[in-house]
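Survey of secondary and tertiary structure
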Amino acid sequence: PPPSPPPPTPPPPNPPPSPPPPSTPPPSPPASPPPDIVITVDGGPPPYPENETYRINLWVDIEVSLHFAGGHNVQDGDRVGWIKATSAQDCDQELSVHKDLGYFPALDANLRADYRPYEVGLYNLCLKQGDHEPWYTHRHIEAYVYNQPPSSPPSPPPSPPPSPPPSPPPSSPP
């Protein structure tokens, strides 16, 4: 009898299914409001009763909401500024060169003003109570401005799934 033809070659195995596409991350939550810092300014006309130093900590490029309270009679529209504590000048001498008062945050009806420090250092509070009044220096109110610590490096991407084991070779007929 003639030899039988060899059996047909089986089709190659199907490749493993592809992993599902990565899911899109959930949307970021809305930005939270700036941290709230309450500054109590007591006293009357100069010289202010500076018997207690009030210190706050701030970070470069992090906006904060400053809330003023106390017996100093600050009002909606008063302006807030800061000068380096090492300055030989007072607030009025240093800040009066800025003719555009829009550069300085104004207190709102709740006696709040948002502020974003831009340089590391130790600063003293300045208040301008009314656009035609001088700037008053409050050396007893200090802001320490720090750089932020460096952020952590991003996490490495997840490793790919393991490769499937190789298919066994086709068996030969006995």
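The present account deals with the structure reproduced in this document. What you see is a predicted model, and the numbers here were worked out from it, not measured in a lab. (Residues numbered from 1 in each chain as written. Predicted model: local features only at pLDDT ≥ 70, side-chain atom pairs only at ≥ 80, totals over all residues. Heavy atoms only, no water.)

With respect to the packing of aromatic side chains
This model, assessed by the stated rule, comprises 3 aromatic pairs. Ring geometry for Trp-59 and Tyr-146: centres 6.3 Å apart, planes at 40°, overall tilted. On the criterion of sequence distance, the pair formed by Trp-59 in strand E2 (residues 54-59) and Tyr-146 in strand E7 (residues 135-146) is long-range, its members being 87 residues apart. Residue Trp-59 is classed as partly exposed on the basis of its relative accessible area, which comes to 37%. Ring centres of Trp-82 and Tyr-115 lie 6.0 Å apart, and the angle between their planes is 35°; on these two criteria the pair is classed as tilted. With Trp-82 in strand E4 (residues 79-84) and Tyr-115 in strand E5 (residues 112-115), this pair connects stretches of sequence that are 33 residues apart. A relative accessible area of 10% means that Trp-82 is categorised as buried. (Phe/Tyr/Trp six-rings, centres within 6.5 Å; stacked < 30°, edge-to-face > 60°. Helix = DSSP H or I, 4+ residues; strand = E, 2+ residues; numbered from the N terminus. Buried < 20%, exposed > 50% of the residue type's maximum accessible area, 1.4 Å probe, protein only.)

Here we look at the side chain of Arg-79
As for its placement among the helices and strands, Arg-79 is situated in strand E4. We classify Arg-79 as buried; its relative accessible area is 17%. Looking at Arg-79, its side chain comes within polar contact range of the main-chain oxygen of Phe-104, at 2.8 Å. (Polar contact = N/O pair within 3.5 Å; in protein donor to acceptor, adjacent residues only side chain to side chain.)

With respect to the nonpolar core
One finds Leu-58, Leu-66, Phe-68, Val-80, Trp-82 and Leu-125 to be the most contacted residues of the largest nonpolar core, which totals 18 residues. Among the elements of the structure, E2, strand E3 (64-69), E4, E5, strand E6 (121-128) and E7 are those that each provide at least two residues to this core. Cys-91, Leu-95, Cys-126 and Trp-135 belong to the second largest nonpolar core, which has 7 residues in total. (Core = buried A, V, L, I, M, F, W, Y, C linked by side-chain atoms within 4.5 Å.)

Observations concerning the state of the cysteines
With the rule as written, the count across this model stands at 1 disulfide. Linked covalently through their sulfurs, Cys-91 and Cys-126 form a disulfide whose S-S length is 1.8 Å. Across the S-S bond of Cys-91 and Cys-126 the torsion is about -70°, and the bridge reads as left-handed. Of the two residues, Cys-91 is situated in helix H1 (residues 91-95) and Cys-126 in strand E6; the sequence distance between them amounts to 35 residues. Residue classification places Cys-91 among the buried residues on the basis of a relative accessible area of 0%. Assessed through its relative accessible area of 0%, Cys-126 is described here as buried. (Disulfide = S-S within 2.5 Å.)

Some words on the sheet that holds E6
With respect to topology, 4 strands assemble into an open sheet ordered E2-E7-E6-E4, the strand pairing being mixed. The open sheet has two free edges, formed respectively by E2 and E4, since each of these has just one partner strand. The sheet shows a mean angle of 40° between the axes of neighbouring strands, taken without regard to direction. (Pairing = 2+ DSSP bridges. Axes fitted to C-alpha atoms, helices over the stretch in contact; angles between N-to-C directions.)

Focus on a nonpolar patch on the surface
A cluster of nonpolar side chains, contributed by Trp-59, Ile-62 and Tyr-146, occupies part of the molecular surface with about 270 Å² of accessible area. On the accessibility criterion, Tyr-146 (38% relative accessible area) is partly exposed. (Patch = residues over 30% accessible without salt bridge, like charges linked within 9 Å, V, L, I, M, F, W, Y side chains within 5 Å. Areas by Shrake-Rupley, 256 points an atom, 1.4 Å probe, with all protein chains shown as cover. Salt bridge = Lys/Arg side-chain N within 4 Å of Asp/Glu carboxyl O.)

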